[in-house]
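Architecture at a glance
Listed below, chain by chain, are the residues.
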Amino acid sequence: MKNRKSGRAELLKAAQLEFEDHGFEGTQTNAIARRAGYAPQTFYRHFPDKKAIFLAIYLDWAQAEAQGLAKADTITAMIDTLLLHHVAHRLFRRSLRHLTSTDPEIAAVRAQTRQQQMSALRSRFPHFSNPEALTLIFTLERLCDAWAEGEFEACGISQSEARDQMSVILSHALRAAP
(Lines give C-alpha, C1' and ligand atoms only; values in the text may rest on other atoms or scores of the structure.)
Protein backbone atom coordinates (compact mmCIF):
# COMPACT_ATOMS: atom_id res chain seq x y z
CA MET A 1 0.00 0.00 0.00
CA LYS A 2 1.25 3.49 -0.87
CA ASN A 3 1.92 5.91 1.95
CA ARG A 4 0.05 9.18 2.39
CA LYS A 5 3.01 11.38 1.47
CA SER A 6 3.72 9.58 -1.80
CA GLY A 7 0.00 9.63 -2.60
CA ARG A 8 -0.11 13.39 -2.25
CA ALA A 9 2.99 13.77 -4.42
CA GLU A 10 1.56 11.47 -7.08
CA LEU A 11 -1.73 13.38 -7.09
CA LEU A 12 0.15 16.68 -7.44
CA LYS A 13 2.12 15.39 -10.41
CA ALA A 14 -1.00 13.94 -12.03
CA ALA A 15 -2.92 17.17 -11.45
CA GLN A 16 -0.12 19.23 -12.95
CA LEU A 17 -0.23 17.07 -16.07
CA GLU A 18 -4.04 17.25 -16.23
CA PHE A 19 -4.01 21.04 -15.87
CA GLU A 20 -1.34 21.26 -18.58
CA ASP A 21 -3.37 19.02 -20.89
CA HIS A 22 -6.87 20.34 -20.17
CA GLY A 23 -6.64 23.60 -18.21
CA PHE A 24 -8.41 24.14 -14.90
CA GLU A 25 -11.96 24.03 -16.27
CA GLY A 26 -11.32 20.89 -18.32
CA THR A 27 -9.78 18.95 -15.44
CA GLN A 28 -11.83 16.71 -13.17
CA THR A 29 -10.70 15.41 -9.78
CA ASN A 30 -11.59 11.86 -10.86
CA ALA A 31 -9.22 12.18 -13.83
CA ILE A 32 -6.46 13.41 -11.52
CA ALA A 33 -6.90 10.42 -9.22
CA ARG A 34 -7.01 7.94 -12.10
CA ARG A 35 -3.93 9.47 -13.71
CA ALA A 36 -2.10 9.05 -10.39
CA GLY A 37 -3.21 5.42 -10.25
CA TYR A 38 -5.81 5.85 -7.50
CA ALA A 39 -9.53 5.43 -7.12
CA PRO A 40 -11.37 8.77 -7.41
CA GLN A 41 -12.23 9.00 -3.70
CA THR A 42 -8.51 8.94 -2.84
CA PHE A 43 -8.21 12.51 -4.16
CA TYR A 44 -10.36 13.81 -1.29
CA ARG A 45 -8.16 12.20 1.36
CA HIS A 46 -5.44 14.66 0.31
CA PHE A 47 -7.27 17.71 -1.05
CA PRO A 48 -10.71 19.18 -0.34
CA ASP A 49 -11.29 20.22 -3.95
CA LYS A 50 -9.74 20.96 -7.32
CA LYS A 51 -8.90 24.54 -6.38
CA ALA A 52 -6.82 23.37 -3.41
CA ILE A 53 -4.63 21.16 -5.58
CA PHE A 54 -4.37 23.91 -8.19
CA LEU A 55 -3.08 26.31 -5.52
CA ALA A 56 -0.62 23.71 -4.24
CA ILE A 57 0.73 23.29 -7.75
CA TYR A 58 0.91 27.06 -8.22
CA LEU A 59 2.93 27.47 -5.01
CA ASP A 60 5.32 24.71 -6.13
CA TRP A 61 5.53 26.35 -9.56
CA ALA A 62 6.33 29.76 -8.06
CA GLN A 63 8.97 28.25 -5.78
CA ALA A 64 10.62 26.41 -8.69
CA GLU A 65 10.67 29.62 -10.72
CA ALA A 66 12.20 31.55 -7.81
CA GLN A 67 14.87 28.88 -7.32
CA GLY A 68 15.71 28.97 -11.02
CA LEU A 69 15.99 32.75 -10.98
CA ALA A 70 18.17 32.68 -7.87
CA LYS A 71 20.63 30.43 -9.74
CA ALA A 72 20.61 32.57 -12.89
CA ASP A 73 23.78 34.64 -12.91
CA THR A 74 23.28 36.60 -16.15
CA ILE A 75 20.42 38.54 -17.71
CA THR A 76 20.23 35.97 -20.50
CA ALA A 77 20.00 33.17 -17.95
CA MET A 78 17.21 35.02 -16.11
CA ILE A 79 15.20 35.49 -19.30
CA ASP A 80 15.78 31.89 -20.38
CA THR A 81 14.69 30.64 -16.95
CA LEU A 82 11.47 32.64 -17.16
CA LEU A 83 10.75 31.66 -20.75
CA LEU A 84 11.38 27.97 -20.25
CA HIS A 85 9.23 27.95 -17.13
CA HIS A 86 6.36 29.75 -18.86
CA VAL A 87 6.51 27.55 -21.96
CA ALA A 88 6.59 24.36 -19.90
CA HIS A 89 3.46 25.45 -18.04
CA ARG A 90 1.61 27.39 -20.73
CA LEU A 91 -1.87 25.97 -20.18
CA PHE A 92 -1.50 26.04 -16.41
CA ARG A 93 -0.52 29.72 -16.62
CA ARG A 94 -3.49 30.43 -18.86
CA SER A 95 -5.78 28.98 -16.20
CA LEU A 96 -3.92 30.88 -13.49
CA ARG A 97 -4.42 34.20 -15.29
CA HIS A 98 -8.13 33.54 -15.68
CA LEU A 99 -8.66 32.33 -12.12
CA THR A 100 -6.73 35.30 -10.71
CA SER A 101 -9.34 37.58 -12.25
CA THR A 102 -12.36 35.53 -11.16
CA ASP A 103 -11.49 33.84 -7.86
CA PRO A 104 -10.65 35.98 -4.81
CA GLU A 105 -8.81 33.16 -3.02
CA ILE A 106 -6.51 32.49 -5.95
CA ALA A 107 -6.02 36.24 -6.45
CA ALA A 108 -4.99 36.58 -2.79
CA VAL A 109 -2.50 33.70 -2.97
CA ARG A 110 -1.06 35.12 -6.18
CA ALA A 111 -0.71 38.55 -4.56
CA GLN A 112 1.20 36.97 -1.65
CA THR A 113 3.48 35.22 -4.11
CA ARG A 114 4.11 38.48 -5.92
CA GLN A 115 5.03 40.07 -2.59
CA GLN A 116 7.63 37.33 -2.21
CA GLN A 117 8.86 37.96 -5.75
CA MET A 118 9.23 41.68 -5.00
CA SER A 119 11.15 40.90 -1.84
CA ALA A 120 13.50 38.53 -3.68
CA LEU A 121 14.04 41.05 -6.45
CA ARG A 122 14.71 43.87 -4.01
CA SER A 123 17.12 41.77 -1.94
CA ARG A 124 19.11 41.00 -5.09
CA PHE A 125 18.76 44.51 -6.55
CA PRO A 126 18.29 46.92 -3.62
CA HIS A 127 17.84 50.00 -5.80
CA PHE A 128 14.32 48.90 -6.75
CA SER A 129 11.34 50.39 -4.97
CA ASN A 130 8.30 48.14 -4.53
CA PRO A 131 6.42 49.80 -7.41
CA GLU A 132 9.46 49.43 -9.70
CA ALA A 133 9.95 45.80 -8.72
CA LEU A 134 6.29 44.93 -9.23
CA THR A 135 6.15 46.75 -12.56
CA LEU A 136 9.16 44.77 -13.76
CA ILE A 137 7.58 41.51 -12.53
CA PHE A 138 4.30 42.27 -14.32
CA THR A 139 6.11 43.33 -17.50
CA LEU A 140 8.30 40.24 -17.68
CA GLU A 141 5.43 37.96 -16.73
CA ARG A 142 3.23 39.30 -19.51
CA LEU A 143 6.05 39.20 -22.06
CA CYS A 144 6.89 35.61 -21.13
CA ASP A 145 3.26 34.58 -21.43
CA ALA A 146 3.04 36.27 -24.85
CA TRP A 147 6.23 34.47 -25.91
CA ALA A 148 4.90 31.11 -24.68
CA GLU A 149 1.56 31.65 -26.42
CA GLY A 150 3.19 32.54 -29.76
CA GLU A 151 1.87 36.10 -29.77
CA PHE A 152 5.17 37.59 -30.95
CA GLU A 153 5.38 35.22 -33.90
CA ALA A 154 1.75 35.92 -34.78
CA CYS A 155 2.77 39.58 -35.15
CA GLY A 156 5.79 38.76 -37.30
CA ILE A 157 8.46 38.99 -34.58
CA SER A 158 10.62 35.92 -34.12
CA GLN A 159 11.01 34.34 -30.72
CA SER A 160 14.70 35.17 -30.91
CA GLU A 161 14.02 38.87 -31.51
CA ALA A 162 11.45 38.92 -28.70
CA ARG A 163 13.85 37.19 -26.33
CA ASP A 164 16.54 39.74 -27.19
CA GLN A 165 14.15 42.61 -26.47
CA MET A 166 13.20 41.08 -23.12
CA SER A 167 16.89 40.95 -22.28
CA VAL A 168 17.22 44.64 -23.18
CA ILE A 169 14.25 45.53 -20.95
CA LEU A 170 15.63 43.55 -18.04
CA SER A 171 19.13 44.92 -18.56
CA HIS A 172 17.88 48.53 -18.53
CA ALA A 173 15.77 47.92 -15.44
CA LEU A 174 18.60 46.30 -13.52
CA ARG A 175 21.01 49.12 -14.34
CA ALA A 176 18.59 51.85 -13.32
CA ALA A 177 19.62 53.73 -10.23
CA PRO A 178 17.42 55.72 -7.88
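What comes next is a walk through the structure. In this text, all values refer to a predicted model and were calculated from it rather than measured experimentally.

Here is what the cut-offs are and how they apply
- Residues numbered from 1 in each chain as written.
- Predicted model: local features only at pLDDT ≥ 70, side-chain atom pairs only at ≥ 80, totals over all residues.
- Heavy atoms only, no water.
- Helix = DSSP H or I, 4+ residues; strand = E, 2+ residues; numbered from the N terminus.
- Polar contact = N/O pair within 3.5 Å; in protein donor to acceptor, adjacent residues only side chain to side chain.
- Contact = heavy atoms within 4.5 Å.
- Core = buried A, V, L, I, M, F, W, Y, C linked by side-chain atoms within 4.5 Å.
- Buried < 20%, exposed > 50% of the residue type's maximum accessible area, 1.4 Å probe, protein only.

Locating K50 in the fold gives a position in helix α4 (residues 50–71). Here the side chain of K50 touches F24 through a polar contact of 2.8 Å, landing on its backbone oxygen. Aside from chain neighbours lying at most four places away, what touches K50 is F19, F24, E25, T27, T29 and F43.

As a further point, take the side chain of H89. By secondary structure assignment, the location of H89 is in the loop between α5 (75–88) and α6 (90–102). A distance of 3.3 Å separates the side chain of H89 from the side chain of E20, its partner in a polar contact. Those residues within four positions of H89 in sequence are excluded, and the remaining contacts are Q16, E20 and W61.

Before going further, it helps to examine the nonpolar core. Grouped together as the largest cluster of nonpolar side chains are 25 residues, with contacts concentrated most on L11, F19, I32, I53 and F54. Secondary-structure elements contributing two or more residues to this core are α1 (4–22), α2 (29–36), α4, α6 and α7 (104–124). Per-element accounting of this core gives the leading share, 8 residues, to α4. Contact partners of I32, with chain neighbours within four places excluded, come to L11, A14, A15, E18, F19, T27, F43 and I53. Formed by 23 residues, the second largest nonpolar core is a distinct cluster that contains I79, L140, W147 and M166.

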